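# Report on the structure
Given next are the chains, with one letter for each unit.
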Amino acid sequence: MSSIADNIGSVTRRIQKATLAAGRAPDSVHLLAVSKTRPAEDLRAAYRAGQRAFGENYLQEALDKIDALADLPDLDWHFIGPIQSNKTRPIAEAFAWVHSVDRLKIARRLSEQRPADQPPLNVCLQVNIDNEDSKAGCRLAELAELAAGVGALPGLSLRGLMVIPDPDQPEDQLRARFRAMADALAELRRTQPEAGPLDTLSMGMSGDLEAAIAEGATWVRVGTALFGARPPKAPPR
Ligand SMILES: *Cc1c(COP(=O)(O)O)cnc(C)c1O
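Presented here is an overview of the structure given in this document. Only a predicted model underlies this, so the values are computations on that prediction, with no experimental measurement involved.

## Some words on the overall build of the chain
- Along its length, the chain carries nine helices and eight strands.
- A globule of 237 residues ought to have a C-alpha radius of gyration of about 18 Å, and the chain, at 17 Å, matches this closely.
- If one aligns the C-alpha atoms of the chain with their principal axes, the spans along those axes are about 50 × 40 × 35 Å.
- Split into buried and exposed, the 237 residues of the chain put 50% on the buried side.
- Partitioning the intrachain contacts of the chain with sequence separation of at least 6 by distance along the chain shows that 59% fall at a separation of at least 24.
- In the form shown here, the chain has an accessible surface area of approximately 11200 Å², with 51% of it arising from carbon and sulfur atoms.
- Seen as two clouds, the 29 positive and the 31 negative side-chain charges of the chain have centres 1 Å apart.

## Here we look at the nonpolar core
- If you look at the biggest cluster of nonpolar residues, it comprises 65 residues, and the most contacted ones within it are V98, L110, L125, L161 and V220.
- At seven residues, helix α7 (residues 171-191) tops the list of elements feeding residues into this core.
- For V220, the contacting residues outside a window of four places in its chain are I15, V29, H30, L31, L32, M203, G204, L209 and I213.

## So, the pairing of strand β6 (residues 156-163)
- With respect to burial, β6 is a largely interior element, eight of its eight residues being buried.
- Pairing of strand β5 (residues 121-127) with β6, which is carried by seven bridges, proceeds in the parallel orientation. Residue pairing in the sheet places C124 in a bridge with G160 of β6.
- In terms of strand pairing, β6 meets strand β7 (residues 200-202) through three bridges, oriented parallel. Looking across to β7, one finds that L161 is bridged to L201.
- Crossover β6 to β7 through α7 is right-handed.

## So, the site of the ligand
- Close to the ligand lie V34, K36, N57, I80, I164, M205, S206, R221, V222, G223, T224 and R230.
- Between the ligand and N57 there is a distance of 2.7 Å, counted from an oxygen atom to a side-chain nitrogen or oxygen.
- T224 is positioned with one of its side-chain polar atoms (N or O) 2.5 Å from an oxygen atom of the ligand.
- Protein contact buries 89% of the 390 Å² of open area that the ligand shows by itself.
- Classifying every residue of the shell around the ligand by side-chain character gives five nonpolar, four polar and three charged.

## Thoughts on the pairing of strand β3 (residues 76-79)
- Pairing of strand β2 (residues 53-56) with β3, which is carried by four bridges, proceeds in the parallel orientation. What sits directly across from G55, in β3, is H78.
- A crossover connection joins β2 to the parallel β3 through helix α3 (residues 59-68); in handedness this β-α-β unit is right-handed.
- Note that β3 and strand β4 (residues 97-101) share two bridges and pair parallel. Within the sheet, the bridge partner assigned to H78 lies in β4 and is W97.

## As for the pattern of salt bridges
- Following the criterion strictly, the structure yields 14 salt bridges and no others.
- D42 is the partner of R38 in a salt bridge, and the nearest nitrogen-oxygen pair spans 3.4 Å.
- Measuring nitrogen to oxygen at the nearest pair gives 3.0 Å for the salt bridge that ties R44 to D71. On the criterion of sequence distance, the pair formed by R44 in helix α2 (residues 40-48) and D71 in the loop between α3 and β3 is long-range, its members being 27 residues apart.
- R44 sits in the partly exposed class, given a relative accessible area of 24%.
- Residues joined by salt bridges that share partners form a network here, namely E56, E61 and K65.

## Points about unusual backbone geometry
- In the Ramachandran plot, N131 falls in the positive-phi region, its phi being about 50° despite a non-glycine side chain.
- Note that N131 resides in the loop between β5 and α6 (143-151).
- Note on N131: relative accessible area 44%, which makes it partly exposed.
- The phi angle at L198 is positive, at roughly 45°, despite the residue not being glycine.
- Of note, L198 is situated in the loop between α7 and β7.
- With relative accessibility at 1%, the residue L198 sits in the buried group.

## So, the side chain of D102
- Tracing the sequence through the fold places D102 in the loop between β4 and α5 (104-113).
- Here the side chain of D102 touches R103 through a polar contact of 3.5 Å, side chain to side chain.
- Separated by 2.9 Å, the side chain of D102 and the backbone nitrogen of G137 make a polar contact.
- Dropping the residues within four chain positions of it, D102 is found in contact with Q126, A136, G137, C138 and L146.

The rules behind these values
- Residues numbered from 1 in each chain as written.
- Predicted model: local features only at pLDDT ≥ 70, side-chain atom pairs only at ≥ 80, totals over all residues.
- Heavy atoms only, no water.
- Helix = DSSP H or I, 4+ residues; strand = E, 2+ residues; numbered from the N terminus.
- Rg over C-alpha atoms; globule rule 2.2 N^0.38 Å.
- Buried < 20%, exposed > 50% of the residue type's maximum accessible area, 1.4 Å probe, protein only.
- Contact = heavy atoms within 4.5 Å.
- Areas by Shrake-Rupley, 256 points an atom, 1.4 Å probe, with all protein chains shown as cover.
- Lys, Arg positive; Asp, Glu negative; His and termini not counted.
- Charge placed at Lys NZ, Arg CZ, Asp CG, Glu CD.
- Core = buried A, V, L, I, M, F, W, Y, C linked by side-chain atoms within 4.5 Å.
- Pairing = 2+ DSSP bridges.
- Right-handed = clockwise from strand over helix to strand, strands pointing away.
- Near = heavy atom within 4 Å.
- Polar contact = N/O pair within 3.5 Å; in protein donor to acceptor, adjacent residues only side chain to side chain.
- Nonpolar A, V, L, I, M, F, W, Y, C, P; charged D, E, K, R; others polar.
- Salt bridge = Lys/Arg side-chain N within 4 Å of Asp/Glu carboxyl O.

If you want it as structure tokens, here you go:
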């Protein structure tokens, strides 16, 4: 079995190769280590290999790890999972980024609950690009209205968009989904420049990060390729 440090090396090389192939600067894509279901020791190993940004999906599990790793001063915590409206306060307090905002009610609560002594919470709007009924995310048709609402909230900084396309589609269709996200972000920058920095596309995972980078991803969210396969069932929240 390869070590977490080795895996970070090979994923970093994949990212470099993909940015080069796309004619983009190597530092224009950041690696978010998706550490859901992994023990704190695995994150510590990644930290020793230079990794600082970690993505978590399950709030209680994340808070336990944030606590266990409190001795590491410069960690950058990203929340990337579904958000229940009664669980927004700890997210607003403990995270630097939230990638999975998909409705205004949640955004308002995060903004109100963001501590005044912290910088605005960086948020991405999650888009349900395949219009799958069971999936989180707003529809593309609702995006402009949601961005306007979120962009006006003082406790949040609207950084951009996040997507998890259906992985079971041909490469060219997947690429088209990522391209549609890049187009949607460019459209928001043009029509709502005051809404926020709008500099972020959170897209691409272990299996499709090259396609996402080719279409403009700035954060790739990688779990399996760094930490190995996850247990089949999610832990209790
Ligand atoms: C689990 C997860 C990932 C990582 O997926 P891998 O295929 O393991 O790289 C990325 N983004 C989100 C939102 C996830 O839930």
